[in-house]
Amino acid sequence: MVRINKPVQVDASKLQQYVEALGTIGWQNEGGIVRPVYSTAWVRAREQLSQWMRAAGLDTREDAAGNLFGRLRGSDDGRTILTGSHLDTVPFGGKFDGALGIVAGLAALHEQAGQPRRSLEVVALCEEEGSRFQAHYWGTRGMLGLIQADELERLCDDQSMMIGEAMRAVGLFPERYQEAARHDLDAFLELHIEQGRMLFDERIDLGIVQAITGLQHQWVTVRGRADHAGTTPMDSRRDALQGAAQMAMEITQLVEQEGRPAVVTLGKWEIKPGAVNVIPDEVSFSIDLRHPEEEAKQRLAAAVRARCAAIARERGLVVASEVTSDSLPSRMDPLLQGVLIASADACGASWRAMPSGAGHDSQEMARHLPTAMLFVPSVEGRSHSAAEFTTPEDAANGATVLATALCQLAY
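All figures in this text were calculated on a predicted structure; none of them were measured in a lab.

*Asks:* Where do I start with the pattern of salt bridges in this structure?
*Replies:* Think of it this way: side chains of opposite charge can pair up when their charged atoms draw near. One pass over the full model with this rule turns up 29 salt bridges. The closest approach of N and O atoms between Lys95 and Glu20, which form a salt bridge, is 2.8 Å. Here Lys95, found in the loop between strand E3 (76-86) and helix H3 (99-110), pairs with Glu20, found in helix H1 (residues 12-23); they are 75 residues apart in sequence, far enough to count as distant. Each member of the salt-bridge network shares a partner with another, and the members are Asp59, Arg71, Arg73, Asp77, Glu121, Arg182 and Asp184.

*Asks:* Where do I start with the state of the cysteines in this structure?
*Replies:* The term disulfide refers to a covalent linkage connecting the sulfur atoms of a pair of cysteines. For the structure shown, the criterion picks out zero disulfides. Free of any disulfide, Cys156 has its nearest neighbouring cysteine sulfur in Cys126, separated by 17 Å. No disulfide involves Cys347; its sulfur sits 11 Å from the nearest other cysteine sulfur, which is in Cys407.

*Asks:* Explain the packing of H1 against helix H12 (residues 392-410) here, please?
*Replies:* When two helices pack together, you describe them by how their axes are tilted relative to each other and by the distance separating the axes. Remark: H1 packs on H12, axes separated minimally by 9 Å, with the N-to-C direction vectors making an angle of 110°. Regarding the angle of H1 to H12, the classification is roughly perpendicular. Contacts from Ala12, Leu15 and Gln16 of H1 reach H12 at Pro392, Ala395, Ala396 and Ala399. Of the residues belonging to the contact of H1 with H12, the class tally is six nonpolar, one polar and no charged.

*Asks:* Could you clarify how one ought to interpret the environment of Ala301 in this entry?
*Replies:* For Ala301, the location among the structural elements is in helix H9 (residues 294-315). Residues Ala301 and Glu179, spaced 122 residues apart in sequence, show a C-alpha to C-alpha distance of 39 Å. When residues no more than four places from it in sequence are discounted, the contact partners of Ala301 are Gln216, Gln218 and Leu289.

*Asks:* I keep staring at the nonpolar core and nothing clicks. Help me out?
*Replies:* Nonpolar side chains tend toward joint burial in soluble globular proteins. Counting 72 residues, the largest nonpolar core has Leu22, Tyr38, Leu49, Leu100, Val103, Trp138 and Leu189 as the members making the most contacts within it. If we skip the residues at most four places from it in the chain, Leu100 touches Val19, Leu191, Ile193, Val376, Thr390 and Ala395. By size, the runner-up hydrophobic cluster in this structure holds 22 residues, among which are Val220, Ala248, Val255 and Leu289.

*Asks:* What is the right way to look at the packing of H1 against H3 in this model?
*Replies:* Direction vectors running N to C along H1 and H3 enclose 145°, while the axes themselves pass 10 Å from each other. The handedness of the crossing between H1 and H3 comes out as right-handed. On H3, the residues touching Leu15, Tyr18, Val19 and Leu22 of H1 are Ala99, Leu100, Val103, Ala104, Leu106 and Ala107. Residue composition of the contact of H1 with H3, by class: ten nonpolar, no polar and no charged.

*Asks:* What am I meant to see in helix H8 (residues 240-258) here?
*Replies:* Along an α-helix, residues three or four positions apart point the same way, because every turn accommodates 3.6 residues. In a regular helix each residue adds 1.5 Å, so 19 residues correspond to 27 Å; H8 covers 27 Å between its end C-alpha atoms and thus fits that length. Buried residues of H8: Ala240, Gly243, Ala244, Met247, Ala248, Glu250, Ile251 and Val255, and no others. In this fold, the buried residues of H8 make contact with strand E7 (214-223), strand E8 (263-265), strand E9 (269-272), strand E10 (282-291), H9 and strand E11 (318-327). Backbone nitrogen of Leu241 and a side-chain oxygen of the N-cap are separated by 2.9 Å at the start of H8; the cap is Asp239. Count one or two residues on from H8 and you reach Gly259, which has phi positive near 85°.

*Asks:* Just checking my understanding: could you explain the packing of aromatic side chains for this structure?
*Replies:* The geometry of an aromatic ring pair is captured by two quantities: the separation of the ring centres and the angle between the planes. Scanning the entire structure with this criterion turns up four aromatic pairs. The interplanar angle of 80° and the centroid separation of 5.1 Å between the aromatic rings of Tyr38 and Trp42 together place this pair among those described as edge-to-face. Arranged with centres 5.8 Å apart and planes meeting at 90°, the rings of Phe96 and Phe389 form a pair that is edge-to-face. You can see Phe96 sitting in the loop between E3 and H3 and its partner Phe389 sitting in the loop between strand E14 (371-376) and H12, a full 293 residues away along the chain. Look at Phe96 and you get buried, because its relative accessible area is 1%. Here the basic side chain of Arg61 rests over the ring of Phe69, its NZ or CZ set 4.4 Å away from the ring centre. Against the face of Phe69 rests Arg182, its NZ or CZ located 5.1 Å from the ring centre.

Rules used throughout
- Residues numbered from 1 in each chain as written.
- Predicted model: local features only at pLDDT ≥ 70, side-chain atom pairs only at ≥ 80, totals over all residues.
- Heavy atoms only, no water.
- Salt bridge = Lys/Arg side-chain N within 4 Å of Asp/Glu carboxyl O.
- Helix = DSSP H or I, 4+ residues; strand = E, 2+ residues; numbered from the N terminus.
- Disulfide = S-S within 2.5 Å.
- Axes fitted to C-alpha atoms, helices over the stretch in contact; angles between N-to-C directions.
- Parallel < 35°, antiparallel > 145°, perpendicular 65-115°, else oblique.
- Contact = heavy atoms within 4.5 Å.
- Nonpolar A, V, L, I, M, F, W, Y, C, P; charged D, E, K, R; others polar.
- Core = buried A, V, L, I, M, F, W, Y, C linked by side-chain atoms within 4.5 Å.
- Buried < 20%, exposed > 50% of the residue type's maximum accessible area, 1.4 Å probe, protein only.
- Left-handed = near helix turned anticlockwise from the far one by under 90°.
- Expected span 1.5 Å × (residues − 1).
- Polar contact = N/O pair within 3.5 Å; in protein donor to acceptor, adjacent residues only side chain to side chain.
- Phe/Tyr/Trp six-rings, centres within 6.5 Å; stacked < 30°, edge-to-face > 60°.
- Lys NZ or Arg CZ within 6 Å of the ring centre and 35° of its normal.

As C-alpha coordinates, then:
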(Lines give C-alpha, C1' and ligand atoms only; values in the text may rest on other atoms or scores of the structure.)
Protein backbone atom coordinates (compact mmCIF):
# COMPACT_ATOMS: atom_id res chain seq x y z
CA MET A 1 0.00 0.00 0.00
CA VAL A 2 1.35 3.42 -0.98
CA ARG A 3 1.51 5.97 1.81
CA ILE A 4 1.71 9.70 1.14
CA ASN A 5 3.10 11.86 3.92
CA LYS A 6 2.06 15.28 2.66
CA PRO A 7 0.41 16.62 -0.51
CA VAL A 8 2.41 18.91 -2.80
CA GLN A 9 0.10 21.88 -3.38
CA VAL A 10 0.10 23.57 -6.79
CA ASP A 11 -0.53 27.30 -7.10
CA ALA A 12 -3.96 27.40 -8.77
CA SER A 13 -3.65 31.02 -9.92
CA LYS A 14 -0.28 30.40 -11.56
CA LEU A 15 -1.65 27.33 -13.33
CA GLN A 16 -4.57 29.34 -14.64
CA GLN A 17 -2.23 32.05 -15.93
CA TYR A 18 -0.30 29.42 -17.86
CA VAL A 19 -3.50 28.00 -19.39
CA GLU A 20 -4.86 31.38 -20.44
CA ALA A 21 -1.59 32.68 -21.87
CA LEU A 22 -0.84 29.53 -23.84
CA GLY A 23 -4.44 29.51 -25.09
CA THR A 24 -3.91 32.81 -26.92
CA ILE A 25 -1.17 31.35 -29.12
CA GLY A 26 -2.74 30.13 -32.33
CA TRP A 27 -6.20 31.45 -31.40
CA GLN A 28 -8.32 32.36 -34.45
CA ASN A 29 -10.94 35.11 -34.58
CA GLU A 30 -13.59 32.64 -35.75
CA GLY A 31 -13.04 30.67 -32.55
CA GLY A 32 -10.62 27.94 -31.53
CA ILE A 33 -6.90 27.31 -31.73
CA VAL A 34 -5.01 26.25 -34.85
CA ARG A 35 -1.59 25.03 -33.67
CA PRO A 36 -0.38 22.11 -35.79
CA VAL A 37 3.09 20.70 -35.36
CA TYR A 38 6.00 22.70 -36.87
CA SER A 39 3.76 25.71 -37.55
CA THR A 40 4.50 29.32 -36.60
CA ALA A 41 2.02 29.13 -33.71
CA TRP A 42 3.61 25.88 -32.51
CA VAL A 43 7.05 27.56 -32.47
CA ARG A 44 5.70 30.54 -30.51
CA ALA A 45 4.03 28.27 -27.97
CA ARG A 46 7.29 26.37 -27.44
CA GLU A 47 9.19 29.61 -26.95
CA GLN A 48 6.70 30.67 -24.27
CA LEU A 49 6.91 27.31 -22.51
CA SER A 50 10.70 27.42 -22.61
CA GLN A 51 10.65 30.83 -20.88
CA TRP A 52 8.36 29.50 -18.16
CA MET A 53 10.53 26.42 -17.67
CA ARG A 54 13.67 28.50 -17.21
CA ALA A 55 11.85 30.85 -14.83
CA ALA A 56 10.88 27.78 -12.77
CA GLY A 57 14.54 26.83 -12.45
CA LEU A 58 14.42 23.94 -14.90
CA ASP A 59 17.10 23.04 -17.42
CA THR A 60 15.60 23.17 -20.91
CA ARG A 61 16.42 21.39 -24.15
CA GLU A 62 14.77 20.17 -27.33
CA ASP A 63 15.31 16.83 -28.99
CA ALA A 64 15.73 15.92 -32.66
CA ALA A 65 11.97 15.42 -33.15
CA GLY A 66 11.00 18.77 -31.64
CA ASN A 67 9.93 17.68 -28.15
CA LEU A 68 10.68 20.35 -25.52
CA PHE A 69 11.88 19.33 -22.04
CA GLY A 70 12.26 21.08 -18.68
CA ARG A 71 14.39 19.07 -16.24
CA LEU A 72 14.73 19.13 -12.45
CA ARG A 73 17.97 17.23 -11.98
CA GLY A 74 18.11 14.47 -9.40
CA SER A 75 21.03 13.14 -7.38
CA ASP A 76 20.85 10.08 -9.67
CA ASP A 77 20.70 11.98 -12.93
CA GLY A 78 20.79 8.82 -14.99
CA ARG A 79 17.12 7.94 -14.44
CA THR A 80 14.05 10.08 -15.21
CA ILE A 81 10.40 10.33 -14.23
CA LEU A 82 8.62 12.06 -17.12
CA THR A 83 5.33 13.95 -17.21
CA GLY A 84 3.65 16.15 -19.81
CA SER A 85 1.42 15.99 -22.86
CA HIS A 86 1.11 17.32 -26.41
CA LEU A 87 1.37 20.90 -27.66
CA ASP A 88 -0.35 20.56 -31.05
CA THR A 89 -4.11 21.00 -31.49
CA VAL A 90 -6.85 19.84 -33.79
CA PRO A 91 -8.09 22.58 -36.15
CA PHE A 92 -10.04 25.13 -34.10
CA GLY A 93 -9.48 23.15 -30.92
CA GLY A 94 -9.62 24.24 -27.30
CA LYS A 95 -6.96 25.46 -24.89
CA PHE A 96 -7.02 22.50 -22.49
CA ASP A 97 -6.53 19.42 -24.71
CA GLY A 98 -2.86 18.49 -24.30
CA ALA A 99 -1.77 21.93 -23.09
CA LEU A 100 -3.20 21.45 -19.58
CA GLY A 101 -1.05 18.36 -19.11
CA ILE A 102 2.08 20.32 -20.01
CA VAL A 103 1.46 23.31 -17.76
CA ALA A 104 0.22 21.08 -14.93
CA GLY A 105 3.52 19.19 -15.16
CA LEU A 106 5.43 22.48 -15.20
CA ALA A 107 3.54 23.71 -12.13
CA ALA A 108 4.06 20.36 -10.41
CA LEU A 109 7.84 20.49 -10.90
CA HIS A 110 7.96 24.11 -9.75
CA GLU A 111 6.46 23.12 -6.38
CA GLN A 112 8.90 20.29 -5.59
CA ALA A 113 11.12 20.93 -2.56
CA GLY A 114 14.84 20.35 -2.93
CA GLN A 115 16.70 17.97 -5.19
CA PRO A 116 14.92 14.72 -6.04
CA ARG A 117 16.65 11.35 -6.11
CA ARG A 118 15.56 10.58 -9.67
CA SER A 119 15.35 13.45 -12.14
CA LEU A 120 11.93 14.89 -12.94
CA GLU A 121 11.13 16.17 -16.40
CA VAL A 122 8.16 17.85 -18.04
CA VAL A 123 7.75 17.45 -21.80
CA ALA A 124 5.79 19.35 -24.42
CA LEU A 125 5.33 16.55 -26.94
CA CYS A 126 5.56 17.83 -30.47
CA GLU A 127 2.67 15.93 -32.09
CA GLU A 128 -0.26 13.78 -31.03
CA GLU A 129 -3.35 14.81 -32.97
CA GLY A 130 -2.12 14.02 -36.48
CA SER A 131 -3.96 17.09 -37.74
CA ARG A 132 -1.21 18.14 -40.15
CA PHE A 133 0.75 15.03 -41.14
CA GLN A 134 -1.23 12.02 -39.89
CA ALA A 135 1.92 11.21 -37.92
CA HIS A 136 0.17 10.28 -34.69
CA TYR A 137 2.36 10.26 -31.55
CA TRP A 138 5.33 11.49 -33.58
CA GLY A 139 7.14 12.99 -30.60
CA THR A 140 6.47 9.98 -28.41
CA ARG A 141 7.52 7.57 -31.15
CA GLY A 142 10.71 9.61 -31.55
CA MET A 143 11.56 9.13 -27.88
CA LEU A 144 10.79 5.43 -28.13
CA GLY A 145 12.92 4.97 -31.25
CA LEU A 146 9.91 4.01 -33.39
CA ILE A 147 10.09 6.59 -36.21
CA GLN A 148 10.90 4.98 -39.56
CA ALA A 149 13.26 6.72 -41.98
CA ASP A 150 10.78 6.58 -44.87
CA GLU A 151 8.21 8.56 -42.87
CA LEU A 152 10.28 11.72 -43.26
CA GLU A 153 9.43 11.78 -46.97
CA ARG A 154 6.23 9.73 -47.01
CA LEU A 155 4.23 11.88 -44.56
CA CYS A 156 2.94 15.06 -46.24
CA ASP A 157 0.51 17.81 -45.28
CA ASP A 158 -2.30 19.24 -47.41
CA GLN A 159 0.21 21.50 -49.22
CA SER A 160 2.39 18.47 -50.11
CA MET A 161 5.13 19.54 -47.71
CA MET A 162 6.99 16.52 -46.33
CA ILE A 163 7.34 16.28 -42.57
CA GLY A 164 11.12 16.32 -42.94
CA GLU A 165 10.90 19.64 -44.82
CA ALA A 166 8.64 21.09 -42.13
CA MET A 167 11.12 20.05 -39.43
CA ARG A 168 13.96 21.74 -41.27
CA ALA A 169 11.86 24.92 -41.67
CA VAL A 170 11.70 25.33 -37.88
CA GLY A 171 15.40 24.67 -37.32
CA LEU A 172 15.40 20.92 -36.76
CA PHE A 173 17.57 18.39 -38.60
CA PRO A 174 15.33 15.52 -39.73
CA GLU A 175 18.29 13.28 -40.63
CA ARG A 176 19.13 13.21 -36.89
CA TYR A 177 15.71 11.88 -35.86
CA GLN A 178 17.23 8.79 -34.21
CA GLU A 179 18.92 11.01 -31.63
CA ALA A 180 15.51 11.62 -30.02
CA ALA A 181 15.45 8.06 -28.62
CA ARG A 182 15.53 7.82 -24.80
CA HIS A 183 16.81 4.98 -22.62
CA ASP A 184 16.62 6.64 -19.19
CA LEU A 185 12.85 6.77 -18.62
CA ASP A 186 11.48 4.90 -15.59
CA ALA A 187 7.87 6.12 -15.84
CA PHE A 188 5.53 8.46 -17.68
CA LEU A 189 2.56 10.21 -16.05
CA GLU A 190 0.12 12.21 -18.20
CA LEU A 191 -2.56 14.54 -16.91
CA HIS A 192 -5.29 15.19 -19.46
CA ILE A 193 -8.84 16.47 -19.66
CA GLU A 194 -11.34 13.62 -19.86
CA GLN A 195 -12.85 14.77 -23.19
CA GLY A 196 -16.06 13.07 -22.11
CA ARG A 197 -18.68 13.85 -19.49
CA MET A 198 -18.49 10.95 -17.05
CA LEU A 199 -16.59 12.85 -14.35
CA PHE A 200 -18.65 15.99 -14.94
CA ASP A 201 -21.98 14.16 -14.71
CA GLU A 202 -20.98 12.17 -11.64
CA ARG A 203 -19.31 15.18 -9.96
CA ILE A 204 -16.08 13.31 -9.37
CA ASP A 205 -12.78 15.18 -9.14
CA LEU A 206 -10.48 12.79 -11.00
CA GLY A 207 -10.35 9.74 -13.23
CA ILE A 208 -7.63 7.13 -12.79
CA VAL A 209 -7.25 5.56 -16.23
CA GLN A 210 -7.11 1.77 -16.29
CA ALA A 211 -6.79 1.28 -20.04
CA ILE A 212 -6.80 3.34 -23.23
CA THR A 213 -9.19 2.12 -25.85
CA GLY A 214 -8.34 0.00 -28.83
CA LEU A 215 -9.51 1.49 -32.12
CA GLN A 216 -10.38 -0.03 -35.47
CA HIS A 217 -11.10 2.05 -38.57
CA GLN A 218 -12.93 0.46 -41.49
CA TRP A 219 -13.84 1.88 -44.89
CA VAL A 220 -17.00 0.23 -46.20
CA THR A 221 -18.12 0.42 -49.83
CA VAL A 222 -21.65 -0.60 -50.87
CA ARG A 223 -22.38 -1.05 -54.59
CA GLY A 224 -25.77 -1.24 -56.26
CA ARG A 225 -27.08 0.06 -59.58
CA ALA A 226 -27.71 3.58 -60.81
CA ASP A 227 -31.21 4.02 -62.29
CA HIS A 228 -33.71 6.77 -63.03
CA ALA A 229 -35.28 8.19 -59.87
CA GLY A 230 -38.70 8.61 -61.47
CA THR A 231 -39.15 5.47 -63.55
CA THR A 232 -37.67 2.72 -61.35
CA PRO A 233 -40.23 1.13 -58.98
CA MET A 234 -39.24 0.97 -55.32
CA ASP A 235 -39.34 -2.82 -55.28
CA SER A 236 -36.99 -3.04 -58.28
CA ARG A 237 -34.22 -0.82 -57.00
CA ARG A 238 -30.71 -1.75 -55.94
CA ASP A 239 -30.18 1.48 -54.01
CA ALA A 240 -26.73 1.54 -52.43
CA LEU A 241 -27.65 4.42 -50.16
CA GLN A 242 -30.67 2.71 -48.64
CA GLY A 243 -28.57 -0.39 -48.00
CA ALA A 244 -25.81 1.67 -46.40
CA ALA A 245 -28.36 3.55 -44.30
CA GLN A 246 -29.76 0.27 -42.97
CA MET A 247 -26.22 -0.89 -42.22
CA ALA A 248 -25.57 2.32 -40.30
CA MET A 249 -28.69 1.86 -38.19
CA GLU A 250 -27.97 -1.76 -37.39
CA ILE A 251 -24.26 -1.18 -36.66
CA THR A 252 -25.29 1.49 -34.16
CA GLN A 253 -27.82 -0.88 -32.56
CA LEU A 254 -25.21 -3.64 -32.26
CA VAL A 255 -22.84 -1.39 -30.35
CA GLU A 256 -25.61 0.13 -28.24
CA GLN A 257 -26.62 -3.38 -27.17
CA GLU A 258 -23.02 -4.07 -26.14
CA GLY A 259 -23.23 -1.12 -23.74
CA ARG A 260 -20.54 1.11 -22.30
CA PRO A 261 -17.64 1.54 -22.94
CA ALA A 262 -18.13 0.31 -26.55
CA VAL A 263 -18.65 3.16 -29.04
CA VAL A 264 -18.97 3.45 -32.82
CA THR A 265 -19.05 6.45 -35.15
CA LEU A 266 -19.82 6.57 -38.87
CA GLY A 267 -18.56 10.04 -39.61
CA LYS A 268 -17.47 10.19 -43.25
CA TRP A 269 -19.69 9.41 -46.26
CA GLU A 270 -19.25 9.49 -50.04
CA ILE A 271 -22.20 9.02 -52.43
CA LYS A 272 -21.97 8.43 -56.16
CA PRO A 273 -23.07 9.70 -58.59
CA GLY A 274 -24.51 12.27 -56.18
CA ALA A 275 -27.31 13.55 -58.44
CA VAL A 276 -30.75 14.50 -57.16
CA ASN A 277 -32.56 12.39 -59.77
CA VAL A 278 -30.29 9.31 -59.90
CA ILE A 279 -30.48 6.30 -57.58
CA PRO A 280 -27.04 6.00 -55.90
CA ASP A 281 -24.98 3.11 -57.19
CA GLU A 282 -22.02 3.42 -54.80
CA VAL A 283 -21.84 4.60 -51.20
CA SER A 284 -18.77 4.48 -48.99
CA PHE A 285 -18.61 5.27 -45.27
CA SER A 286 -16.16 5.10 -42.40
CA ILE A 287 -16.49 3.09 -39.20
CA ASP A 288 -14.65 4.15 -36.05
CA LEU A 289 -15.08 1.31 -33.52
CA ARG A 290 -13.56 1.50 -30.04
CA HIS A 291 -13.35 -0.71 -26.96
CA PRO A 292 -10.68 -0.98 -24.22
CA GLU A 293 -10.80 -4.80 -24.38
CA GLU A 294 -9.30 -6.28 -27.54
CA GLU A 295 -11.52 -9.38 -27.52
CA ALA A 296 -14.66 -7.27 -27.34
CA LYS A 297 -13.41 -4.93 -30.07
CA GLN A 298 -12.68 -7.78 -32.48
CA ARG A 299 -15.96 -9.55 -31.66
CA LEU A 300 -17.91 -6.38 -32.41
CA ALA A 301 -15.93 -5.77 -35.61
CA ALA A 302 -16.77 -9.29 -36.83
CA ALA A 303 -20.45 -8.78 -35.97
CA VAL A 304 -20.48 -5.49 -37.91
CA ARG A 305 -18.99 -7.15 -41.01
CA ALA A 306 -21.44 -10.05 -40.81
CA ARG A 307 -24.45 -7.75 -40.49
CA CYS A 308 -23.33 -5.60 -43.43
CA ALA A 309 -22.91 -8.72 -45.57
CA ALA A 310 -26.39 -9.98 -44.62
CA ILE A 311 -28.04 -6.66 -45.48
CA ALA A 312 -26.23 -6.56 -48.83
CA ARG A 313 -27.51 -10.04 -49.70
CA GLU A 314 -31.07 -9.12 -48.72
CA ARG A 315 -30.99 -6.04 -50.97
CA GLY A 316 -29.10 -7.42 -53.95
CA LEU A 317 -26.06 -5.28 -53.23
CA VAL A 318 -22.33 -5.92 -52.99
CA VAL A 319 -20.39 -4.78 -49.93
CA ALA A 320 -16.64 -4.66 -49.31
CA SER A 321 -14.83 -3.44 -46.21
CA GLU A 322 -11.19 -2.56 -45.66
CA VAL A 323 -9.58 -2.26 -42.22
CA THR A 324 -7.52 0.92 -42.61
CA SER A 325 -6.08 0.92 -39.08
CA ASP A 326 -6.33 -1.28 -36.01
CA SER A 327 -4.65 -0.33 -32.73
CA LEU A 328 -4.51 -2.47 -29.62
CA PRO A 329 -5.76 -1.20 -26.27
CA SER A 330 -3.07 -0.20 -23.77
CA ARG A 331 -3.32 -1.02 -20.08
CA MET A 332 -1.90 1.43 -17.58
CA ASP A 333 0.65 0.29 -15.01
CA PRO A 334 -1.06 -1.00 -11.81
CA LEU A 335 1.68 0.26 -9.48
CA LEU A 336 1.55 3.77 -10.94
CA GLN A 337 -2.25 3.70 -10.72
CA GLY A 338 -1.78 2.91 -7.04
CA VAL A 339 0.47 5.94 -6.59
CA LEU A 340 -2.12 8.19 -8.24
CA ILE A 341 -4.91 6.75 -6.09
CA ALA A 342 -2.90 7.23 -2.88
CA SER A 343 -2.04 10.78 -3.97
CA ALA A 344 -5.69 11.58 -4.69
CA ASP A 345 -6.70 10.23 -1.28
CA ALA A 346 -3.98 12.27 0.44
CA CYS A 347 -5.19 15.40 -1.37
CA GLY A 348 -8.83 14.76 -0.43
CA ALA A 349 -9.88 14.39 -4.07
CA SER A 350 -12.63 12.01 -5.13
CA TRP A 351 -11.75 9.63 -7.97
CA ARG A 352 -13.02 6.75 -10.03
CA ALA A 353 -11.27 4.14 -12.14
CA MET A 354 -12.23 4.43 -15.81
CA PRO A 355 -11.12 3.67 -19.37
CA SER A 356 -10.12 6.30 -21.89
CA GLY A 357 -12.22 6.34 -25.05
CA ALA A 358 -9.74 8.67 -26.77
CA GLY A 359 -6.21 7.88 -27.85
CA HIS A 360 -3.28 9.58 -26.09
CA ASP A 361 0.50 9.60 -26.09
CA SER A 362 0.25 7.38 -23.01
CA GLN A 363 -1.20 4.68 -25.25
CA GLU A 364 2.11 4.38 -27.09
CA MET A 365 4.24 4.99 -24.00
CA ALA A 366 2.51 2.18 -22.09
CA ARG A 367 3.70 -0.41 -24.60
CA HIS A 368 7.32 0.34 -23.64
CA LEU A 369 7.53 1.71 -20.08
CA PRO A 370 5.38 2.01 -16.93
CA THR A 371 2.71 4.63 -17.67
CA ALA A 372 -0.33 6.11 -15.94
CA MET A 373 -2.96 8.72 -16.81
CA LEU A 374 -4.93 11.13 -14.67
CA PHE A 375 -8.15 12.70 -15.99
CA VAL A 376 -9.74 15.96 -14.86
CA PRO A 377 -13.35 16.81 -15.76
CA SER A 378 -14.40 18.44 -19.03
CA VAL A 379 -17.44 20.67 -18.50
CA GLU A 380 -20.37 19.02 -20.31
CA GLY A 381 -17.83 16.67 -21.89
CA ARG A 382 -16.79 19.27 -24.47
CA SER A 383 -13.49 18.82 -26.28
CA HIS A 384 -11.91 19.31 -29.73
CA SER A 385 -13.89 22.55 -29.72
CA ALA A 386 -13.43 26.17 -28.74
CA ALA A 387 -16.09 25.47 -26.08
CA GLU A 388 -13.71 23.08 -24.28
CA PHE A 389 -13.41 24.03 -20.59
CA THR A 390 -12.08 22.68 -17.32
CA THR A 391 -12.64 24.80 -14.22
CA PRO A 392 -9.59 26.30 -12.49
CA GLU A 393 -10.50 24.30 -9.37
CA ASP A 394 -10.58 21.00 -11.23
CA ALA A 395 -7.35 21.80 -13.06
CA ALA A 396 -5.61 22.68 -9.77
CA ASN A 397 -6.93 19.52 -8.09
CA GLY A 398 -5.45 17.41 -10.85
CA ALA A 399 -2.13 19.26 -10.86
CA THR A 400 -1.83 18.91 -7.08
CA VAL A 401 -2.42 15.16 -7.25
CA LEU A 402 0.10 14.93 -10.11
CA ALA A 403 2.69 16.90 -8.11
CA THR A 404 2.14 14.66 -5.09
CA ALA A 405 2.54 11.50 -7.17
CA LEU A 406 5.72 12.81 -8.82
CA CYS A 407 7.15 13.60 -5.39
CA GLN A 408 6.40 10.07 -4.23
CA LEU A 409 8.12 8.57 -7.28
CA ALA A 410 11.18 10.83 -7.48
CA TYR A 411 12.04 11.56 -3.84
